[in-house]
Amino acid sequence: MTLSQDVRFLGTMAQPLGHAARVNTARAFRGRWRQYRFWTGAEITDYDPIDPAHLAQPHEAYRTLHAGGRVQYNPKLGLWILSRLPDVRAGARAAETLSSSDGVTRLRMAGPLLVTMDGKRHNEMRRHVLPAFTKAALESWQALIDDLAVKLVGEVLDNPGCDVMQRLAIPMPMLLIAHMLGIPDGDIDDFRRWSAAAVRAADVDMSRRGMTSLKSSIGGIRDIYRYFRQQFAIGGLKGSDTVLGKLLSENASGSINDDELFFFAMLLLIAGNETTTNLLGGMFDVFAEHPEKFDALRADHSLIPKVVEEQLRFSSPVQGLYRTARTDYPVGPVTIPAGARVLLSLGAANRDPQVFDEPDEFRVDRNPTEHLAFGFGAHLCLGAQLTRMEARAVLRELGTRVRRIEVIGETQWSANSTLRGPVRMNVRLTPSVAAG
Ligand code: HEM
């Protein structure tokens with residue numbers, strides 16, 4: 001990176017990092033103060049989403065949350081927790097009161113990212129990027145998605161005992177997004193490495209481990225920044241049919257600046273990769289554990305769209321979203337005070353026993369269309385349809401070419417409280433007789 005690029009990168013990152021340092025330090029003090037002086041009216045809990053015991057068994061923790069009050073408060077963290085589906089949905093819808101602009105993960109870190117914008121600015125930016133996410137724009141990626149599914153399922157079939165995360169669940173969304181962003185094939189390996197580091201920004205916290213992870217994440221972001229600045233400078237993407245090509249044409253009219261464009265590319269990487277990886281990994285996990293459910297899908301491919309919705313509910317690849325209350329926010333008899341940090345637990349909402357019958361059971365024909373895996377309201381996921389296309393394509397391939405899915409050895413799960421999924425899962429696929 002040249003000196004002037006370095007200076008520019010620091011300028012671009014200074015605002016979000018400065019903000020993070022200020023508000024997180026202030027929060028640490030405020031949290032302690034609250035612990036001793038403030039009776040909240042909510043039920044007190046020691047639930048902490050990054051507690052290793054809860055990370056290992058989040059669903060047990062959700063059952064405990066559901067057995068308690070509608071609003072729970074962890075005084076040590078200064079955190080208010082909503083876990084019932086109607087409350088989480090209402091919280092996601094209340095974007096004017098429950099703001100995203102302090103960041104939507106545990107560490108308060110904001111930047112010019114669509115997902116951490118509020119109000120008018122968010123509406124305008126979302127309008128600018130929508131052309132890349134229309135039904136027609138997304139369907140133009142169908143052939144590529146189908147090709148990837150054929151190729152990657154084939155690779156897993158050909159390599160019994162391989163790690164399905166490395167062979168399929170990680171490369172599938174990564175390669176798709178790289179193509180959507182217009183990354184040439186020759187640069188994809190570098191891009192994949194930088195992205196893997198950069199996406200860790202989604203789950204950093206103020207612990208020593210969190211800070212080490214933040215450092216490597218900033219390194220990845222810097223490499224991607226340098227790459228995109230070079231691409232923007234040579235104008236290679238302009239007018240192309242890629243997502244960035246479309247946005248660069250917008251950029252020419254001055255409605256999005258270069259930094260916003262870079263942050264949008266970053267958002268697609270952060271929002272679209274590990275989430276989809278977690279969903280795909282979850283499918284292998286479920287079908288290995290319940291061969292009879294896989295048999296049902298093989299026998300009736302019309303179940304595929306329903307199975308994808310059930311998998312989204314069951315896995316909740318994004319386990320929770322954080323918000324900050326701008327004004328008092330009432331939930332039933334409790335008022336969450338202005339300034340409070342609020343956790344909207346999507347993972348808990350998607351297992352709400354008052355909404356889903358036997359929520360911890362995976363049912364191939366449940367079709368839980370009210371799940372909140374993609375959020376709700378103003379920030380509803382822009383990539384939802386793309387994800388569905390990917391998951392359906394992989395299931396079609398599995399349902400046609402595979403008779404049995406087996407996991408060999410122990411699956412390793414991520415130690416990430418926001419993005420949950422398998423990180424290593426060795427599988428053996430038995431080909432169906434017809435596929436031979
Ligand atoms: C299983 C896959 C996915 C899941 C579970 C998921 C989940 C979510 C959730 C929960 C939100 C709402 C965030 C909030 O309210 O603060 C969101 C927003 C978003 N997602 Fe996804 N996502 C997935 C895949 C994707 C993909 C593939 C892309 C794009 C390639 C994408 C792009 C976005 C964008 C741009 C936003 C921000 C929308 C806004 O703030 O207006 N997502 N996603």
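Residues numbered from 1 in each chain as written. Predicted model: local features only at pLDDT ≥ 70, side-chain atom pairs only at ≥ 80, totals over all residues. Heavy atoms only, no water.

Peer 1: Break down the sheet that holds strand β10 (residues 402-413) for me, citing the residues and quoting the values.
Peer 2: The sheet built from three strands is open, its strands ordered β5-β11-β10 with antiparallel pairing. Among the strands making up the open sheet, the edge pair consists of β5 (162-163) and β10. Contacts between helix α7 (residues 142-158) and the sheet are confined to β5, β10 and β11 (422-431), with β11 contributing the most and set at about 80° to the helix. Along the sheet, helix α14 (residues 274-289) contacts β10 and β11; its crossing angle with β11, the most-contacted strand, is approximately 50°. (Pairing = 2+ DSSP bridges. Helix = DSSP H or I, 4+ residues; strand = E, 2+ residues; numbered from the N terminus. Contact = heavy atoms within 4.5 Å. Axes fitted to C-alpha atoms, helices over the stretch in contact; angles between N-to-C directions.)

Peer 1: Report on the coordination of the iron atom of the ligand, specifying residues and quantitative values.
Peer 2: What the protein offers the iron atom of the ligand as a donor is a single atom, Cys381 (SG), at 2.3 Å. Inspection of the secondary structure puts Cys381 in the loop between α17 (346-349) and α18 (384-401). (Donors = N, O, S within 2.8 Å, 3.2 Å for Na, K, Ca; no water.)

Peer 1: Tell me what's going on with the site of the ligand, and back it up with residues and numbers.
Peer 2: Taken together, 26 residues lie near the ligand, and His122, Arg126, Arg323, His379 and Cys381 sit nearest. Within the side chain of Arg126, a nitrogen or oxygen atom sits 2.7 Å from an oxygen atom of the ligand. Take Arg323: an N or O atom from its side chain is 2.8 Å from an oxygen atom of the ligand. Elements that contribute at least two residues to the shell around the ligand include exactly α5 (119-129), α13 (258-272), α14, β6 (321-325) and α18. (Near = heavy atom within 4 Å. Polar contact = N/O pair within 3.5 Å; in protein donor to acceptor, adjacent residues only side chain to side chain.)

Peer 1: How would you summarise the packing of helix α15 (residues 291-299) against α18 if you had to cite specific residues and measurements?
Peer 2: The contact between α15 and α18 brings their axes to 9 Å, and the two run at 95°. When the axes of α15 and α18 are compared, the pair comes out roughly perpendicular. Facing α15, whose interface residues are Phe294, Leu297 and Arg298, α18 presents Leu395, Leu398 and Gly399. For the contact of α15 with α18, the residue count by class is four nonpolar, one polar and one charged. (Parallel < 35°, antiparallel > 145°, perpendicular 65-115°, else oblique. Nonpolar A, V, L, I, M, F, W, Y, C, P; charged D, E, K, R; others polar.)

Peer 1: Pulling in residues and values, what's your account of the sheet that holds β6?
Peer 2: The strand order across the open sheet built from six strands is β1-β2-β3-β9-β6-β4, with neighbouring strands paired in mixed fashion. Among the strands making up the open sheet, the edge pair consists of β1 (43-44) and β4 (98-99). Pairing analysis gives two bridges linking β4 to β6, with the strands arranged antiparallel. By the bridge assignment for β6, Leu98 is matched with Ala325. Across the sheet, helix α4 (residues 85-93) lies against β3 (79-82), β4 and β9 (341-344), angled at about 125° from β9, the strand it touches most.

Peer 1: Any chance you could break down the packing of aromatic side chains for me, citing the residues and the numbers?
Peer 2: Aromatic rings considered in pairs are described by the distance between their centres and by the relative angle of their planes. In the structure shown here, the tally under the stated rule is eleven aromatic pairs. A ring pair is formed by Phe133 and Phe264, whose centres lie 6.3 Å apart and whose planes are at 80°; its orientation type is edge-to-face. You can see Phe133 sitting in the loop between α5 and α6 (135-139) and its partner Phe264 sitting in helix α13, a full 131 residues away along the chain. Note on accessibility: Phe133 and Phe264 belong to one class, buried. Chaining the aromatic ring pairs together yields one cluster made of Phe191, Trp194, Tyr227 and Phe228. Stacked on the ring of Phe314, the Lys or Arg Arg351 has its end atom at 4.1 Å from the ring centre. Above the ring of Trp413, the side-chain terminus of Arg420 is found at 4.5 Å from the ring centroid. (Phe/Tyr/Trp six-rings, centres within 6.5 Å; stacked < 30°, edge-to-face > 60°. Buried < 20%, exposed > 50% of the residue type's maximum accessible area, 1.4 Å probe, protein only. Lys NZ or Arg CZ within 6 Å of the ring centre and 35° of its normal.)

Peer 1: For the packing of helix α9 (residues 171-181) against α18, give the residues involved together with the corresponding values.
Peer 2: Viewed as axis vectors pointing N to C, α9 and α18 meet at an angle of 135°, and their least axial separation amounts to 11 Å. One element, α9, and the other, α18, form an angle in the oblique class. Like other packed secondary-structure pairs, α9 and α18 cross with a definite hand, here right-handed. On α18, the residues touching Met172, Pro173, Leu176 and Met180 of α9 are Leu386, Glu390 and Val394. When the residues that make up the contact of α9 with α18 are grouped by side-chain class, the tally is six nonpolar, no polar and one charged. (Left-handed = near helix turned anticlockwise from the far one by under 90°.)

Peer 1: Break down unusual backbone geometry for me, with residues and values.
Peer 2: The phi angle of most residues is negative, glycine excepted, and most peptide bonds adopt the trans form. Its identity as a non-glycine residue notwithstanding, Glu358 has a phi of 45°, on the positive side. Among the secondary structure elements, Glu358 is positioned in the loop between α17 and α18. Of note in the backbone geometry, Asn367 takes a positive phi value of approximately 50° without being a glycine. The topology assignment puts Asn367 in the loop between α17 and α18. According to the relative accessible area criterion, Asn367 is partly exposed, its value standing at 31%.

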